[in-house]
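Listed below, chain by chain, are the residues.
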Amino acid sequence: MTTVQHSPTAAGSGANASSNFKAKQRSAADVSPERVSAVVTAVLQGIHSSIRSQQVTYPEFQAAKAWLMEVGEVGEWPLFMDVFVEHVVEEVAATTQHGTKGTIEGPYYLPDQVRLSSSCELPHREDEKGTPLVLSGQVRDLDGMPLAGAEVDIWHADADGYYSGFAPHLPDGNLRGVVVTDDQGRFEIRTVQPAPYQIPTDGPTGRLIEAAGWHPWRPAHLHLMVRADGHRTITTQLYFAGGDWLDSDVAEATKPELILDPADDGTGVRRVAYDFDLEQG
């Protein structure tokens, strides 16, 4: 079993995640009052129903209020929502989408990373630990036509489970990059295999997990956002066969179609291929 790691602080990670989310300037300006009313009413009815069915007491209610306030104060709402809610939103979105399976984005995406050629090595430290990994593949449309110049935006944790931009000891851009496919839509990315990691546990989200008797672990994975002009962007994660926590991901984001099984090429390098099929959008 994976040894316990010391995560970056919840406050530090939460502040970075909140700042990054706000910088994206996402808006719900096109949502009608009727839609807002319908969704908010349904959410409140669900809360009311839970309070009645669980016979929630006043001390429990006050504790919940204090916990919600702290989640906001330390900037953990992106973490909490991405871990415990986003997978259901993605599940709903997937019912009207075609092509490669998607899954959650998570809180650790950072835009505007270095652009790299179709055959490349992700930026890394000179002494970067980890088993060498090569991910290759092709980006195509649903008819199998290659998409030249597509972008494979990739980011992942290091061999200790840390993300650059969220752990102060890592240089900016470490193990992140935007890989541009060649004229046949192909790419080959050299990196290291990431480790499983705990979501930050020293803040209110971690205390909730501990109080509920849950575990805070995510299985090892690569994050990818694959895009091409005129096509729907795919946001997904690729996991590793046989990995710890694969069947009990705290974020409930794993899917059988997204599990890789790299093979050693005889030199200590693990290689695997995975293609992406994008629908027009």
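Right, let's walk through the structure included here. None of the values given here were measured: they were computed from a predicted structure. (Residues numbered from 1 in each chain as written. Predicted model: local features only at pLDDT ≥ 70, side-chain atom pairs only at ≥ 80, totals over all residues. Heavy atoms only, no water.)

A few words on the sheet that holds strand S10 (residues 234-240). Across the sheet, six strands lie side by side as S1-S5-S4-S9-S10-S11; this open sheet has mixed pairing. Of all the strands in the sheet, the pair left with one neighbour each is strand S1 (115-116) and strand S11 (259-260). Relative to S10, strand S9 (residues 221-227) runs antiparallel, the two sharing six bridges. Each bridged residue has a counterpart across the sheet, and for Leu 224 the counterpart in S10 is Thr 236. (Pairing = 2+ DSSP bridges. Helix = DSSP H or I, 4+ residues; strand = E, 2+ residues; numbered from the N terminus.)

Further remarks concern the nonpolar core. Judged by nonpolar contacts, the single largest core of 46 residues is most densely connected at Leu 135, Val 139, Leu 224, Leu 238 and Phe 276. Breaking this core down by element, the ones donating at least two residues are helix H4 (77-84), strand S3 (132-141), strand S4 (151-156), strand S6 (186-192), S9, S10 and strand S14 (276-278). For Leu 224, the residues in contact, after removing those within four places along its chain, are Leu 135, Val 152, Asp 153, Ile 154, Trp 155, Ile 234, Thr 235, Thr 236, Leu 238 and Phe 276. (Core = buried A, V, L, I, M, F, W, Y, C linked by side-chain atoms within 4.5 Å. Buried < 20%, exposed > 50% of the residue type's maximum accessible area, 1.4 Å probe, protein only. Contact = heavy atoms within 4.5 Å.)

The next subject is helix H6 (residues 204-212). Three or four residues apart is the spacing at which side chains of an α-helix point the same way, because the helix has 3.6 residues per turn. Within H6 the residues assigned to the buried category are Pro 204, Thr 205, Gly 206 and Ile 209. Looking one or two residues beyond H6, the residue adopting positive phi is Gly 213, at roughly 75 degrees.

This part is about a nonpolar patch on the surface. Together, Val 31, Val 36, Val 39, Val 40, Val 43, Leu 44, Ile 47, Ile 51, Val 56, Tyr 58 and Phe 61 make up a nonpolar patch on the protein surface, roughly 910 Å² of accessible area in all. Of all the secondary structure elements, the ones that give two or more residues to the nonpolar patch are helix H2 (33-54) and helix H3 (58-73). At seven residues, H2 tops the list of elements feeding residues into the nonpolar patch. (Patch = residues over 30% accessible without salt bridge, like charges linked within 9 Å, V, L, I, M, F, W, Y side chains within 5 Å. Areas by Shrake-Rupley, 256 points an atom, 1.4 Å probe, with all protein chains shown as cover. Salt bridge = Lys/Arg side-chain N within 4 Å of Asp/Glu carboxyl O.)

Bringing the pattern of salt bridges into the picture now. As enumerated under the stated definition, the model contains 14 salt bridges in all. Salt-bridge contacts for Arg 207 lead to Glu 70; the nearest nitrogen and oxygen are separated by 2.5 Å. Here the residue Arg 207 occupies a position in helix H6, and Glu 70 occupies one in helix H3, the gap between them amounting to 137 residues. One salt bridge connects Arg 271 with Asp 265, and the closest N-O pair in it is separated by 2.8 Å.

Our focus in this paragraph is the pairing of strand S5 (residues 176-180). Buried residues dominate S5, accounting for five of its five residues. The alternating pattern of S5 places Arg 176, Val 178 and Val 180 on one face and Gly 177 and Val 179 on the opposite face, and all of these are buried. Two strands pair when backbone bridges link them, and S1 and S5 are joined in this way by two bridges, in the parallel orientation. Across the sheet, residue Arg 115 finds its bridge partner in S5, namely Val 178. Two strands pair when backbone bridges link them, and S4 and S5 are joined in this way by five bridges, in the antiparallel orientation. Bridge pairing in S5 links Glu 151 to Val 180.

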